[in-house]
Amino acid sequence: MSLPRPVRAWGFYGHRLLNRLAVYTLPPEMLPFFKANIDYLTNNATRPDSRRTVVPTEAPRHFLDVDAYGDSALTRHGRGLPRAYADAVALVGGEDSLLRHGIVPWQVARMKGQLTAAFRDRDTDRILHLSADLGHYVADACVPLHTTRNYNGQFTNQRGIHALWESRLPELNGMNYDLLTGPAPYLDNPTEAAWLAIERAHAALDSVFTIERQLTTELTEDRKYGYEQRGRQTIRTYSREFSQAYHQRLNGQVERQLRYAARLIGAFWYTCWVDAGQPDLTEMDQQPSEAEQLAIEQERREAAAAPVIAIPGHEE
């Protein structure tokens, strides 16, 4: 019998679903190119998570411990965290201190600039590579448990809540969600949009913990947990009974965050394209090059061969 490895962000199912959904939020000028590459964007949605084992600075890009900075961390004035990365580093006394509690909104802003440049250069490989990655980080910013030091309930005797909210609930219920969002909007202030996603996710955090705690008092241990077969492993996990009761009491929270994240991913892609001057995507190569595909395969092999170790940054 084995314990599950740490679940990151929305899990494979959620990240791939979100990048796929985001394609359908794009305008007619972008849709044919992105739809032609929807499998690339879907399959590579989890690539940033795979890089954690081979890129030492990767883990902090996926979260922000809002509660490490106090109640005013998200405000734009006073003691709030600066939106400019260099200013934030200076405020907390060095980059190592900032990385310790995560940098996801700054990562989203940085990648927004990179994707805009790729559109401007009409670089198919860079557009696809960066779009897939940016979708991942935007999605991470929409997850409540990516906004707290207590990311897996380890400080409140709720260990495992990370996988419950972000992976198990969408996997059990995703087929029944209404995830149509309408067209992606242009973001007048993309940086602030990333911070607003963090603020929205953090505001949902109290119910994430409180409802799980309440339900735990009502169900016995043998009803709360169960065992399921995952490949060759038998995994101890939250039971279906507990998971579905929790899902019901969250009253659509996971579904709302998925819908919000899909539209926001599309909005970032769209905004990058507009800010690049709305290049004609039909005049570019319509598929990733062989070199890009080989590079992705090499990255996968390196990640698979890397030792499984605990890396600082919402891991156990």
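Source: prediction; values computed, not measured. (Residues numbered from 1 in each chain as written. Predicted model: local features only at pLDDT ≥ 70, side-chain atom pairs only at ≥ 80, totals over all residues. Heavy atoms only, no water.)

Trainee: A description of the overall build of the protein chain should follow, citing residues and the corresponding values.
Mentor: Scanning the protein chain from terminus to terminus reveals 15 helices and two strands. A compact globule built from 316 residues should have a C-alpha radius of gyration of about 20 Å, and the protein chain, at 19 Å, falls within 12% of that. Along the three orthogonal principal directions, the C-alpha set of the protein chain runs to about 60 × 50 × 40 Å. Across the 316 residues of the protein chain, 53% fall into the buried class. For the protein chain, the computed accessible surface area is about 14700 Å², with 51% contributed by carbon and sulfur atoms. Computing the positive centroid from 35 side-chain charges and the negative centroid from 40, the protein chain places the two 4 Å apart. (Helix = DSSP H or I, 4+ residues; strand = E, 2+ residues; numbered from the N terminus. Rg over C-alpha atoms; globule rule 2.2 N^0.38 Å. Buried < 20%, exposed > 50% of the residue type's maximum accessible area, 1.4 Å probe, protein only. Areas by Shrake-Rupley, 256 points an atom, 1.4 Å probe, with all protein chains shown as cover. Lys, Arg positive; Asp, Glu negative; His and termini not counted. Charge placed at Lys NZ, Arg CZ, Asp CG, Glu CD.)

Trainee: Which residues make up the pairing of strand β1 (residues 225-230), and what values do they have?
Mentor: Each regular strand displays side chains that alternate between the two surfaces of the sheet. Relative to strand β2 (residues 233-238), β1 runs antiparallel, the two being bridged by six bridges. Its bridge partner being in β2, Y225 is matched across the sheet by Y238. Adjacent in sequence and paired antiparallel, β1 and β2 are bridged by two residues, among which G231 carries a positive phi angle near 65 degrees. (Pairing = 2+ DSSP bridges.)

Trainee: Describe the packing of aromatic side chains, with residues and values.
Mentor: Taken as a whole and judged by the stated rule, the model has 10 aromatic pairs. Relative to W106, the ring of Y85 has its centre 6.2 Å away and its plane inclined at 80 degrees; by these criteria the two rings are edge-to-face. Here the residue Y85 occupies a position in helix α5 (residues 85-92), and W106 occupies one in helix α7 (residues 104-121), the gap between them amounting to 21 residues. Among the aromatic side chains, those forming a connected cluster through ring pairs are F33, F34, F119 and W269. Over the face of the ring belonging to Y260 we find R200, whose NZ or CZ atom lies 4.1 Å from the ring centre. (Phe/Tyr/Trp six-rings, centres within 6.5 Å; stacked < 30°, edge-to-face > 60°. Lys NZ or Arg CZ within 6 Å of the ring centre and 35° of its normal.)

Trainee: Can you break down the side chain of E255 residue by residue, with the values?
Mentor: The residue E255 is located in helix α14 (residues 253-275) in this model. E255 sits in the buried class, given a relative accessible area of 19%. The contacts of E255, once residues within four sequence positions are left out, are Y177, D178 and L179. (Contact = heavy atoms within 4.5 Å.)

Trainee: Describe the confidence of the model for the protein chain, and please don't skip the residues or the numbers.
Mentor: Considering every residue of the protein chain, the mean pLDDT works out to 91; 94% of them sit at 70 or more. The low-confidence segment residues 1-7, where pLDDT is below 50, has 16 contacts with residues more than four positions distant or belonging to other chains. (pLDDT = per-residue confidence, 0-100.)

Trainee: Tell me about the pattern of salt bridges, and please be specific about residues and values.
Mentor: For the coordinates displayed, the defined rule picks out 20 salt bridges. R47 is the salt-bridge partner of D133, the closest N and O atoms lying 2.9 Å from each other. Of this pair, D133 sits in helix α8 (residues 124-140) while R47 is found in helix α4 (residues 47-50), placing the two residues 86 residues apart along the sequence. By relative accessible area, which is 5% here, R47 ends up buried. Note that R301 and E297 form a salt bridge whose closest N and O atoms lie 3.9 Å from each other. (Salt bridge = Lys/Arg side-chain N within 4 Å of Asp/Glu carboxyl O.)

Trainee: Account for the nonpolar core, naming residues and giving values.
Mentor: By size, the foremost hydrophobic cluster in this structure holds 82 residues, and its most contacted members are F34, F119, Y246 and W269. With 11 residues, the top contributor of residues to this core is α14. Residue contacts for F119: discarding those within four places in its chain leaves M30, F34, I127, W269, C272, W273, A276, P279 and L281. (Core = buried A, V, L, I, M, F, W, Y, C linked by side-chain atoms within 4.5 Å.)

Trainee: Can you lay out the packing of helix α1 (residues 11-23) against α14 for me, pointing to particular residues and giving the numbers?
Mentor: To characterise two packed helices, one gives the angle between the axes of the helices and the distance between these axes. Across the interface, α1 lies against α14 with an axial gap of 8 Å and an inter-helix angle of 55 degrees. It follows that α1 is oblique to α14 by the angle criterion. Our pair here, α1 against α14, has a crossing hand that is right-handed. Note on element contacts: α14 touches α1 through L258, A261, A262, I265, G266 and W269, opposite L18, N19, L21, A22 and V23. In the contact of α1 with α14, the residues fall into nine nonpolar, two polar and no charged. (Axes fitted to C-alpha atoms, helices over the stretch in contact; angles between N-to-C directions. Parallel < 35°, antiparallel > 145°, perpendicular 65-115°, else oblique. Left-handed = near helix turned anticlockwise from the far one by under 90°. Nonpolar A, V, L, I, M, F, W, Y, C, P; charged D, E, K, R; others polar.)

Trainee: Quick rundown of unusual backbone geometry? Include the residues and the values.
Mentor: The residue R122 is not glycine, and still its phi comes out positive at about 55 degrees. Mapped onto the elements of the fold, R122 is located in the loop between α7 and α8. R122 gets classed as partly exposed once you look at its relative accessible area, which sits at 43%.

Trainee: Explain the environment of E192 residue by residue, including any values.
Mentor: Locating E192 in the fold gives a position in helix α10 (residues 190-203). Between the C-alpha atom of E192 and that of A109, which follows or precedes it by 83 residues, the distance is 8.9 Å.

Trainee: Please give an account of the packing of helix α9 (residues 161-173) against helix α11 (residues 205-218) that cites residues and values.
Mentor: Packing of α9 against α11 brings their axes to within 11 Å, and their N-to-C directions diverge by 110 degrees. It follows from the interaxial angle that α9 and α11 lie roughly perpendicular. As for how α9 packs across α11, the hand of that crossing is right-handed. On α11, the residues that touch I161, L164 and W165 of α9 are V208, F209 and E212. In terms of residue class, the contact of α9 with α11 is built from five nonpolar, no polar and one charged.

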